[in-house]
Each structure stands twice: as structure tokens, then as C-alpha cells.
Amino acid sequence: MKPFRIRFYAFTIALIFSVISLRTTCNAKNTSNFTTRGNSTPTPESIQGLWLRDIAREFAGDFNNTSNEELGISFNQQLFGKFKYTNVFQDADKKVAKIASQLESKLNETFSILNQTRNIIETYYGINKVPVLPSAISPCNQYESDFAEYEVTNMLVNPSNSYAEQSINLNQVLQKQVAASKILKGIIKQHYFLSHQDIFLDSNIDLGNDAMLWSAYMSRISYKPRNVMLLLDHGGSLSRQQFLLVKSLAKQVISVLDEHDKIGILGISHDISKPFMTQQCVAPNLSRMQLSEDQNTLTSPTKHNKKQLLKFVDGLVKGNGSTNHSVGFQQAFEAIHASNVAKNETVMLLYISRGLLSSLTEAKLVLETILNQMDEAEHNIIINTCAVIDAAKQVMYETHFLRDIAEQNYSKYNIDFDDIVHKGIMLPVNSTDSAGLAIARFFNTLLVTPVYSMNYDLSLPKWDAETNSLIVTATIPCGTRGEIGVLGVDLYFGNLIEDVTYYSNYVQFSYAFLTDLDGTVIMHPTYPRPMVVREQPNFTKIERLEYGLWQFMRDKSSGRADMEWMHIRTKYFYKSVLDHYKVVIVVKEYKNAPPPKRPFKVSWFESATANQLVHHRLDVIPASRMCKHFNQLATLDAGSLYLSASCFQSPTTFLHSTSSSSFSPLSVQKCMAFLKDNTRFLSNPGLRDEIRDDVATLAHVLEYLRTQHLQGAKGRYIVRRYVTSPTGVMQTFPGGVLAPGFEPTKRSWYLRAVEHRFKTILTPPYLDAGGAGYIVTVAYATDHVVVAMDVTFGYVFKLILEHMPFCSEKKIKCFMMDDSGYLIYHPNLIDPNGHGPIEQQHIIHKEPQVANDILYHGHFIKKNLCNNFADATIQRYYKLNTSIDEVVINAVHGEHNAKYQVSPVEGTNIFIGFVNLSEESVTTFCPCSMINRLCLNCNRMEQKECECPCECPMTSETCQQGYKSNNMLCPAMPEQTFSMPTDLVINFNHDDEIKACLPILCEKLTSYEGCLGVLGCEWCQVDVDAETLLTTPFCTSIQTCFNGILGSPTPYGDTSDRSLNNDDLLGNGYSPIGPVIGSVLAVCLILIFSFICYRSYTSPTVDRFYLTSAQENQVRMSDLNISDDYHELDNHQNKLLQDSKKPEPISPYCVSTGYRRPPTAADSDHGYSTMIPHDESEHLSFAPHEIDSLEDETSDGASINTSVSTKRHHRLIDRSKSKKLSDITALPQHKNRIMAPVTVHRNMEYAQ
């Protein structure tokens, strides 16, 4: 046998070598098609007599002329030579002191509010000796107005009088204290009092969504190390509402623990689900693991572990059968026994369940299991249970069963026991709003006597899903020992630290950041602005962002530190704010670059110039002649001025005033009068000192842009032009309305232009917020401004066809990409039948063959790593060498039967290239995640290994890829929100008086070349079925034929902005064959439908009812619209949920370019779940059947986000293995149910 194996292996090896030799010979033959320099170095070939290097030079000249003529770069250089200048950054030490003083004033008033409220409560408490003082909050809900003047009745306690008989209205006390504040107007979210007595009461307390409130309460208590074992019921008996409650409660437990505690978690249905946990880190989620000998243990809830535990909870799916309570407790106790917990410490085992039994004898079995495990336990274990309640499901004995578990009521089941029982508590929870209080009550069982921290405390910023903002909580105990409760004030973090956030937009020269006294950085330029944060951010230590600084400022209240590295001298000015924060201003001096300067005391040169600038809020003060620029309200009489939040002394006050209905024309008039005042006598309406000079400077630039837009030859391809200063001043033509939160200096086009200063940059295409379709931004940055214009995506293709006419051939694919590898043009970039939006498509996505080969050119492309501490990820990205002076061609010749050439365009950030598929190419593969940006292999990164730009989690533990200190810092991510407010879009269909700003008759453009790239026009070549090519293509508006498909809806959700006649819709040469065939098909469909209706009404009928015990609940099946999410919404008992509102279709193009898929389900689940109809465990149990409600179970939880830190996401259903449901659905025999034949008039599928 062995000799045979040896001969077989030898034959196999010989065969492999033969194949390799044959392939080498083939590759050598293919290589002969290349022109060679010498013996080995290939040189580029021409294509149709054109050389790519010459084409690149033509592009360079074209873009240089565009910058000078259309953007006015030459004009700007002459203009800015006439101004006086002053340094941008002066007296950094005085500025840091000013910022610290303003922040200190806000904190002092916050603590003053808390102190005054505490004095009132303690005085009343001492006089009346009340046993219970209830919790209170103001405002009571989010719909109350901001703390306006509130008349407080004399029911309030007055320490100077005797009000022993009178009660106190705590809500009015809280309201009055906040209404009296001056500095904190618009900063306070809510003021509340949390009573210590409420922890011991069984009654519910309505404080709204209380998770953050009671988390703040628990943060004031000095706990011993807390050891928690979570047991989560996710069996088939849970309703959708109950399942959401289980997850919400589990997340609340995880969120309140810190690194000094320990936690374990198990999911129980018919089997065990658990994450693989160790003492060092938590591995990726292993959902729905079968029972095994591997022990689950309690581990420290570090930041990384918490993230993985939350992912595990999110990834739980409902089981198929009844919950095996005994196995769950058996596994939970084994995990506790195997954990490294000191014997003198207490472990809380918290079971969150519905409590439904599969049989009446199971309760005794569960108690016996608990007793046996308690006898073996070396720790003091307290068992608490939480009953999740759904109002739509009748509660029978479930709460009794869970209470028996918590109290270990062995005698009830005739179970002998000897030891003293440490009783826990059982709490019913029917809403996520009360999850915080329930968890606080559970943790209270771990305390003998609570010990409160008596100092003022400020929390780290926390994401508040209720207001979509970051919140900082200031708290203080009430009572001499904290025995009364905790007072708290929630502050909007963005408003609190606005002076730090908006200190400077010259981040390459100077910026400010904020740390706490432990060295945790809570605001930094690498973090996103608080107002654009949409999930809980990550905070890191100062040493990771500003290396070596903390050792100089740790123990000092103020001072300065100087460092020098790589020809950059960095100065740090810092100052402490009370005992909570440190404000730091950083100033960088470059040896090869002078400090930035700005124009100083600029006047309006001509009186006419001032009249040609209006405020962008045309809805408040309309211009003399209004027009519509696509979907945007605009004017051609003048350019529009937009002042971002960074232009104001109080940015958040400006944002609040402009976004509210109180924004008046008088405010606009005062602002414009101040800016146009050459005498400089008018009072400042709240702008920063340098803004007036920037507005006057940019007005002269805009006048050039306005003239060029109206008279230039390329005006028909340009959507708008604009100029922006580093201070956030932006002027646009045609002038239009912009959203108040829009920050131009944070946009991608601005950041790219500053990165490539004195070069023309192009951005990848994105959807224009104003209705112009897909656009590309062309921008140019000088020392003082960034000038930009938006051109149509078709215009870019038009340029490519002009310089590269061979791109129209089928076997040649031309492309244009930026210096990061993201495509600006590719023939498949807009694919009607493709998947996903066109934004942020990389060369790897569209040309993996080129990407695989191009990585061998190390001098041309490099794969980089950077640390993004804002979301705790390590980013992998590509950077192309823009200074290379050669054409890049195949490095491995003939490998994929595809030749390519790539060349940089001098003076820009772009590269042009083409792929020549002369033969049938071989498909190649580059690893890319299809569900998120996670790298498929985080353990290693190879320069020559092809993969999509991706990210890996950053951890400080010994997990997959730890924190790498030698990686550079990632710059702040560009903000990608739409710039036009949706509430200010005019309904042009019903407003005939507003005409188009630049009317263009697309129907008069009879050729493809003439129609290509023209504003608002589209070459219509595909019929309404999105497949058939039109016999005679024609040019029409994008509303009629978006993306070249006749009748295709636009991503803006509108139809047409004008009344269309037949010529507009059909074009001059449209074939009538399509309508004739459509009419014939319509008649046939009508006849078929009539026949079906006749058979339905003439055949014997059976009344189809779903009966409950109430006779008035009869509902006809045909009257109900069963949702497509029938099984997804947990309708496993044939509940008939009626959709009250059909959701509007969402275009796949309406996706933010900065979109990232947040972590949702378990890694191993990949968005697919298994669901079997009618597998409810009650149907298989011996327990009495329940009476199901016909109402939607989500009445209580539909508007509730069950996640503490992230939003809830829908799961996908795998329909690849669908089967047809039977025509008859058999319901169990029961006095409240009947057998009913059901005819399904639709394609209904379910996933196995």
C-alpha cells in the first residue's frame, strides 16, 4: 500500500510541475505582445495612434484652463495681492484662558442649580420628616418648550416660613431653578431628582426613557466589585415585544458595569447560545453554539468586551421551541463555578425571561436544579428574575414561577433543603422606558448599605437616542449621606464645549482639544463634531493623540509645553477648568511654511458689489426675482451668502435660532447691514471679528464667478459655483437655501482641496442635494480660499470621450480615479441593474484585475494604516503617487489576458487609464466584505495582497489585532450630510409663478454628444422595463428619464418639476410599437381579472373569520393586509396584523457617501435567520393555549430603541430556500379557535 501511495504522490508532483511549466510558456507568449525597452522592461503601447501620456498632458492643460477661467484662479491671485494681511493666530495663551473661563462659567451655573435645588429638598425633608420623596423630572417630556418662564405656585417650600403642612411640587422646583439660569440657555436638556426610596418600591415611576437617568444614579454609588451572570431567554414563546425587552434589559446591565466588575452571559432557548469568552478578551460572536464541554466564564467588561457582548445580544434570534429553563440554570451555575471570582464576593444571577413552562412539572425540576447547584457553590449567589410582560399576551402563572426562582421557594414544591436561603427579587417589566429603574433595583440587592460619593460629578459624553445628541450628566447626592436621592442635570455636550469645537478650521496650524483630569480626550479635531455624531463615540487617552504631552501637564493647572519633531515645532497652551477638565490649544510652526494670514480691514470696492450679495435664507427675505434651480429655491440677481456655525461667537445659539421658527427677517437684515457697513459703526450681531473681512473678500471672487456662470461657454454643464474661506464663510451662485448645520470646511471637496493645495482636485460622484442628479465637484485651494464648482457627471464622461475617443469601443474600458483609488468615472459606475449606490466605488470594486497587478508597482501605490480613535478602528486605505512621471502598465504580463495603462494628470489629484480586454479575461478575486467595512483578515496586511479599503477593530487586549502606536492618526472623516434642508424645498408642481433659473430645452438636443452632460438633461435609451433598448433614443429631462431609463423614478422622490407634453415624454422619433403592445396586454389582463372575479363570486363561499371569545372581534380575512414581514414580525401564531400605512419606496441611490453599516447581528449569522411557521412553543406544550390579540404587538415598543448605545436594525430573511405554504392553515383545537380554510391570494414565502 505504501509504494502505491509513493508512486501516486510522485505522479501528482510531476503533473503539477508540468502545468506550471506550460503556464509559464503561455505567459511568455502573451508577454511578447508588449514593446520592450532593452530585454526586460516593457513600455506602453499606443492605442489607435494615441499615447496615454500625451492624453494625460491634454487633460492637465484642460483642467488648468478650467481652473483659471471657470474658477478664476488667475483673477484671485491678482485680487488678493491688493489686500492688507494679519496673522490668523495671535495670543494663544489669552485664548486658552478665555475658553477655559467660559467653560468654567457654564459649569459653575450648573453646580449652582444643583446646589440650590438640593437646599430646597433637604430643607423640606428635614422639616416634614417625610418617609418617601418621589422622583421627578422637568420637563416631563420632550414636547415641552425649553425652560421658559414658569409661574411657580406657593406650594413650594420656603425655608424662612413654616410650611410643614404643605406638600412640595418637585417638578415646579426643578422647572424654576432651570428657568432662572442665564448662561445655560439652550444647554440644559432636563433637570431631575431620583429618589433613593424608589429603589425599594414596587410601583412604576414615569420618567420617560429612564436608562440614562438611573445609570447616572448608579454611578454615584460606591459598589464593591460586581459579579453578574446574565441568563437570557430567547425561546420561541416570546413575542416580539418581549424579545425586545430581553435585549434592552441585557444591554442596560452591560452598560452600567465597569472594568472592575465581571460579567458572563448565556442565551437559553431549546439549547444554549454563548459568546466564547476568556479572561483576556471576547472572541467574535459564536451564536447558537450547541452544548459542549467548553466552559463559559465571567470576564472583565472592558470597552472591547462590552462591544462584543452587545453584538452577541443583538445577534440573538428567537429559538424554535420552548425554553429549557433547567439547562439554562445548569450552564449558568457551571460558568460561575469556573470563573475566577473571590470566595468572599457575591454573584448576581439575573434571569430575564417570559417564564412560560413547557409542562406543569417543569417548575419543580428547575428548583431542584438550582438547589443542587447552590449546594456546590463556593460563592454567595443571589438569583434575581425579571418577567418581561406583553400586554397582548395573557399572564397566568409565569410571574409566580419566576418569583419562586428568585425567592428559592423550595417548600412550595415539597423540596427538602437545609441551608439558609438568600432571597432575590422578581420584577415585571412591560416597557423599555422602565429598564433603567429595574436594573438599578436588581443591583441594589448587592448592597447592604449604599455608600454615595458626595462630590459633584460630570460623566463622559453619552449618546442619547431620544434627542440624537451627546449628553453630559452633572450629578450630586441629596442628603447628608446621600440618603434622600440624587440630583442631576443633563447638558447638551455640543453646546457645552462649542468654544473648543469651533476654535479653528486651520487644523494643520492650530487647534484646540479637551481632556478630563484622567487624561481622557473627550474632544479633538480627529473626532467628529458632536452635532453630527449618531452613535456612542469612543474616547481615548491623550498619549495616543498627543504623544509625550500628558507628563508635562498632568499635575499643573496651567502652563505651556514646547516640542519639536520632524522640522515642526509644536506649542501647547493649557489651563484647567475647576476639577474636571483641561483645555489645550495647539500651535504648530513649520520651518518651510509661514504661519497663515488673512485679509484685514477689507472694504467693498464698488457699491454695486454689495448689492449683488443676498442672504441665503431666500425663504425669509425673498430676492426681487426668484427662480427654481432644479429643486432649490434660488435667484440669479445676486449670489447668496451662507455663514456657517463657526462664523459666530456662539455657534450653537446660531444653530438653534436658525433652525427654529423664530428666525425673523430682522435678524437677516441686521446681519447683512453689519457686513456691508464700510464705516464699521454698526453693532456686531454676534459674528466673530474676522468674518466681516472674509465676506467682503469673497464677494469680489463671487462677482467673477457670477459673470463667468452667466456668460461662460461651459455654463450649461456647471450646476453652481462657490467660494469658501477657512472661517466658514461661503458664497454661492446661483444663490440658494442651505441647511443651518451645513459646515463647508468639513466637506470632502474642501478637505481634499486643502490637502492638495494649488492643484485642481475632483471628487468621486455623489448625488446632488439640490436635484441636479449625480455631480462631481471640481475645486482649487489657494492660501486664503477654496473655489469650487459642481459639474454634471455626464460632463466628466464628455471630457473623457473628447480626449480618449477609443473609450466607446466595447473591449476597452476607460476610467478616472483620485489619488486614493476611488473612481470618478467608470462605464459601470452607474449601472441600473447593479447593486448599491455609486458613491465611494473603488478601483478594486470595478477592476480587480488591474488592482491585483497594480499593487506590484510599489513606487506607484502604497497600502497604509492609520488609527481612528473616534470609532476605535484601524483603517486600511490606498494612496497613489501623484508626482510619478510615467505610465504604469502590467507588471505581471499576460496573467489575466487584460492589458491596462494608468497615468497621473499633472497639477491634479486624478489618474486616467484604460483596460484593453483583447481576449476573454480570467476572473480575479479581491477580498471584500459585502455587509460592512470589516477586513476579512485582521491578523495581517500584505502590501501586494489585493483587498478593498476596510477597517479592523482596535483593541488594547490580546485579541486579533491590537493597538499599533506606530500607525499615523487618521484625519477627521468628511461630513457627508445633505446641504439643502428638506423642509425648505418648494413644491414646484403647485407653484407655476416660479420659473426655472436657466431653462434648457433638452428636446432640442438631437444627438448623444450634444445631450451628454447638459444640466438637467439625460439621453434616454432604455425602455420602461429597464432592459429593452429604445428604437430611437432621445434627449429629455432627468425627471422623465433618470439614469437613461424611461419613466425611472428619481432618487429625490418626485416625479417631474413641470407639466410634460407627449413630445417631452416620447421624443421626436419615439416608436409607437411599445404603446400598442402595452394596450393589448392591458386588455388581456383585464379579461383575465374579470374571469377570476366571476369565478370567485359564483363559487361556493365560506365565511372566513378569526374568532376570539369576544363576538365583536369577527374580522374577515379579505379585509386584512398581511405584511410582507409576516414571519419577520414574529407572527408564528397566524396573527392578522393589518398594515395601516404602506412605506414609501426608498431609492438605493439615497445613501450618504459616508455610510457605514453599524454592527448588528452576530458575525456568524450574516444577516440570515431561520424561521419555521407555527413553531410557537405554546403549541407544543401542555400549558393552556393563550388568546392572541388581533392588534399589533408593537404598540408599546414600536417607537422605542431597545439598544442602549446603538439603533435597532432589521434582519434579513433568506428566501433562497423558500417553499410554498399550504392552502389550508390548521389552527389547534381550542374553545377560542376554529378550523378555517384560508385561500392565499399572493406569493407568500418563508425561510427555513
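These figures come from a predicted structure and were not determined experimentally. (Residues numbered from 1 in each chain as written. Predicted model: local features only at pLDDT ≥ 70, side-chain atom pairs only at ≥ 80, totals over all residues. Heavy atoms only, no water.)

Colleague: What should I look at first to understand the packing of helix 3 (residues 73-80) against helix 20 (residues 691-711) in this one?
Modeller: For any two helices packed against each other, one specifies the inter-axial angle together with the distance between the axes. The N-to-C vectors of helix 3 and helix 20 enclose an angle of 150°; their axes lie 10 Å apart at closest approach. Judged by the angle between their axes, helix 3 and helix 20 are roughly antiparallel. The two elements helix 3 and helix 20 cross, and the hand of that crossing is right-handed. Judged by residue contacts, Phe75, Asn76, Leu79 and Phe80 of helix 3 engage Thr697, His700, Val701 and Tyr704 from helix 20. Of the residues assigned to the contact of helix 3 with helix 20, the class counts are 5 nonpolar, 3 polar and no charged. (Axes fitted to C-alpha atoms, helices over the stretch in contact; angles between N-to-C directions. Helix = DSSP H or I, 4+ residues; strand = E, 2+ residues; numbered from the N terminus. Parallel < 35°, antiparallel > 145°, perpendicular 65-115°, else oblique. Left-handed = near helix turned anticlockwise from the far one by under 90°. Contact = heavy atoms within 4.5 Å. Nonpolar A, V, L, I, M, F, W, Y, C, P; charged D, E, K, R; others polar.)

Colleague: Please explain the side chain of Ser459 as it appears in this structure.
Modeller: Inspection of the secondary structure assignment puts Ser459 in the loop between strand 12 (457-458) and strand 13 (462-464). On the basis of relative accessibility, which here comes to 18%, the residue Ser459 falls in the buried class. Among the polar contacts made by the side chain of Ser459, one reaches the main-chain amide nitrogen of Thr473 at a distance of 3.0 Å. Once residues lying within four places of it in the same chain are set aside, the contact partners of Ser459 are Val472, Thr473 and Tyr581. (Buried < 20%, exposed > 50% of the residue type's maximum accessible area, 1.4 Å probe, protein only. Polar contact = N/O pair within 3.5 Å; in protein donor to acceptor, adjacent residues only side chain to side chain.)

Colleague: Would you explain the packing of aromatic side chains in this entry?
Modeller: A ring pair, where both rings are aromatic, is described by two values, the distance of the centres and the angle of the planes. This model, assessed by the stated rule, comprises 23 aromatic pairs. Judged by centre distance (5.5 Å) and plane angle (90°), the rings of Phe80 and Phe83 are edge-to-face. Taken as a pair, Phe80 and Phe83 share a single burial class, namely buried. Measuring from centroid to centroid gives 6.1 Å for Trp749 and Tyr750, while their planes differ by 80°, and the two rings are edge-to-face. Residue classification places Tyr750 among the buried residues on the basis of a relative accessible area of 5%. Within the aromatic cluster, the residues linked to one another by ring pairs are Phe89, Tyr503 and Tyr506. In this structure, Arg226 is placed above the aromatic ring of Phe443, and the distance from its NZ or CZ to the ring centre is 5.3 Å. Its end group placed over the ring of Phe674, Arg692 keeps NZ or CZ at 4.0 Å from the ring centre. (Phe/Tyr/Trp six-rings, centres within 6.5 Å; stacked < 30°, edge-to-face > 60°. Lys NZ or Arg CZ within 6 Å of the ring centre and 35° of its normal.)

Colleague: Before we go on, may I ask you to explain the state of the cysteines in this structure?
Modeller: A disulfide bridge is the covalent bond that connects two cysteines by way of their sulfur atoms. This structure, assessed with the given rule, holds 10 disulfides. Note that Cys935 is cross-linked by a disulfide to Cys950, the S-S spacing being 2.0 Å. The disulfide joining Cys935 to Cys950 has a torsion of about 95° about its S-S bond and is therefore right-handed. Remark: Cys950 occurs in strand 41 (residues 950-953) and Cys935 occurs in the loop between strand 40 (910-916) and strand 41; sequence separation between them is 15 residues. Using a relative accessible area of 5% as the deciding quantity, one classes Cys935 as buried. Through a disulfide, Cys1011 is tied to Cys1035; the S-S separation comes to 2.1 Å. The sign of the 70° torsion about the S-S bond sets the Cys1011-Cys1035 disulfide as right-handed. Remark: Cys1035 occurs in strand 45 (residues 1029-1037) and Cys1011 occurs in helix 25 (residues 1008-1011); sequence separation between them is 24 residues. (Disulfide = S-S within 2.5 Å.)

Colleague: Honestly, the nonpolar core in this entry has me stumped. Any pointers?
Modeller: Counting 114 residues, the largest nonpolar core has Phe59, Leu643, Met804 and Met816 as its most contacted members. With residues near it in sequence (within four places) discarded, Phe59 still touches Leu799, Ile800, His803, Met804, Met816, Val905 and Ile912. Counting residues in hydrophobic clusters, the runner-up holds 69 residues, among them Ile99, Phe493, Phe539 and Met553. (Core = buried A, V, L, I, M, F, W, Y, C linked by side-chain atoms within 4.5 Å.)

Colleague: Help me out: how do you make sense of the environment of Tyr780 in this one?
Modeller: Mapped onto the secondary structure, Tyr780 falls in strand 32 (residues 774-781). Once the C-alpha coordinates of Tyr780 and Phe758 are considered, the two residues, 22 residues apart in sequence, prove to be 6.4 Å apart. Within the local environment of Tyr780, its side chain forms a polar contact with the backbone oxygen of Phe758, the two atoms lying 3.3 Å apart.

Colleague: What should I look at first to understand the pairing of strand 34 (residues 812-818) in this one?
Modeller: Each regular strand shows side chains that alternate between the opposite faces of the sheet. In terms of residue burial, strand 34 counts as a mostly covered element, since 7 of its 7 residues are buried. Side chains Ile812, Cys814, Met816 and Asp818 of strand 34 all project onto a buried face; the interleaved residues Lys813, Phe815 and Met817 project onto the opposite face, where all are buried too. Bridge count for strand 34 against strand 40 is 7 bridges, and the pairing is antiparallel. In the strand pairing of strand 40, Met817 is matched with Phe911. Where strand 34 hands over to strand 35 (residues 823-825), the hairpin turn is made up of 4 residues, of which Gly821 adopts a positive phi near 95°. (Pairing = 2+ DSSP bridges.)

Colleague: How do you make sense of the packing of helix 7 (residues 240-256) against helix 12 (residues 435-444) when you look at a structure like this?
Modeller: Axis separation between helix 7 and helix 12 bottoms out at 10 Å; the angle between their running directions is 60°. Taken together, the axes of helix 7 and helix 12 lie oblique to each other. Where helix 7 crosses over helix 12, the two elements pack in a sense that is right-handed. Judged by residue contacts, Ser248, Leu249, Gln252, Val253 and Val256 of helix 7 engage Ala435, Gly436, Ala438, Ile439 and Phe443 from helix 12. For the contact of helix 7 with helix 12, the per-class residue count stands at 7 nonpolar, 3 polar and no charged.

Colleague: Mind showing me how you'd approach unusual backbone geometry here?
Modeller: Apart from glycine, the bulk of residues carry a negative phi angle, and the bulk of peptide bonds sit in the trans form. Omega for the peptide link from Ser138 to Pro139 comes to 0°, which places this bond in the cis form. Position of Pro139 relative to the elements: it lies in the loop between strand 4 (136-138) and helix 5 (170-179). Cis geometry is adopted by the peptide bond preceding Pro734, which originates at Phe733 and carries an omega value of -5°. By the secondary structure assignment, Pro734 is in the loop between strand 28 (729-733) and strand 29 (735-736). In this structure, Asp91 takes a positive phi of about 55° despite not being glycine. Residue placement: Asp91 occurs in the loop between strand 3 (84-87) and helix 4 (92-128). Overall, Asp91 belongs to the partly exposed group, its relative accessible area being 44%. With phi around 55°, Met566 is a residue other than glycine that occupies positive phi space.

Colleague: Just to check I follow, could you spell out the sheet that holds strand 42 (residues 968-969) for this structure?
Modeller: Hydrogen bonds between backbone groups are what pair the strands of a sheet, and the pairing can be parallel or antiparallel. In space, the 4 strands of this open sheet follow the order 41-37-36-42, with mixed pairing throughout. Only two strands of the sheet have a single partner each, and these edge strands are strand 41 and strand 42. In this structure, strand 36 (residues 861-868) lies alongside strand 42, joined through 2 bridges in parallel fashion. Within the sheet, the bridge partner assigned to Asn867 lies in strand 42 and is Leu969.

Colleague: Mind showing me how you'd approach the sheet that holds strand 7 (residues 262-268) here?
Modeller: Reading across the sheet, the 6 strands line up as 8-7-6-9-10-11 and stay open at both edges, with mixed pairing between neighbours. The sheet terminates laterally at strand 8 (272-273) and strand 11 (426-429), the two strands that pair on one side only. Looking at chain direction, strand 9 (residues 346-353) and strand 10 (residues 380-388) are connected through 8 bridges and run parallel. Looking at the pairing, Leu349 lines up with Ile383 of strand 10. Running at roughly 170° to strand 6 (residues 227-233), helix 7 makes contact with strand 6, strand 7, strand 9, strand 10 and strand 11 of the sheet.

Colleague: Sorry if this is basic, but what is going on with the pattern of salt bridges here?
Modeller: Oppositely charged side chains can pair when the atoms bearing their charge come close. Here the structure, examined in full by the defined rule, presents 35 salt bridges. With a shortest N-O distance of 2.9 Å, Lys412 and Asp404 are connected by a salt bridge. With relative accessibility at 45%, the residue Lys412 sits in the partly exposed group. Residue Asp562 pairs with Arg560 through a salt bridge whose shortest N-O separation is 3.0 Å. (Salt bridge = Lys/Arg side-chain N within 4 Å of Asp/Glu carboxyl O.)

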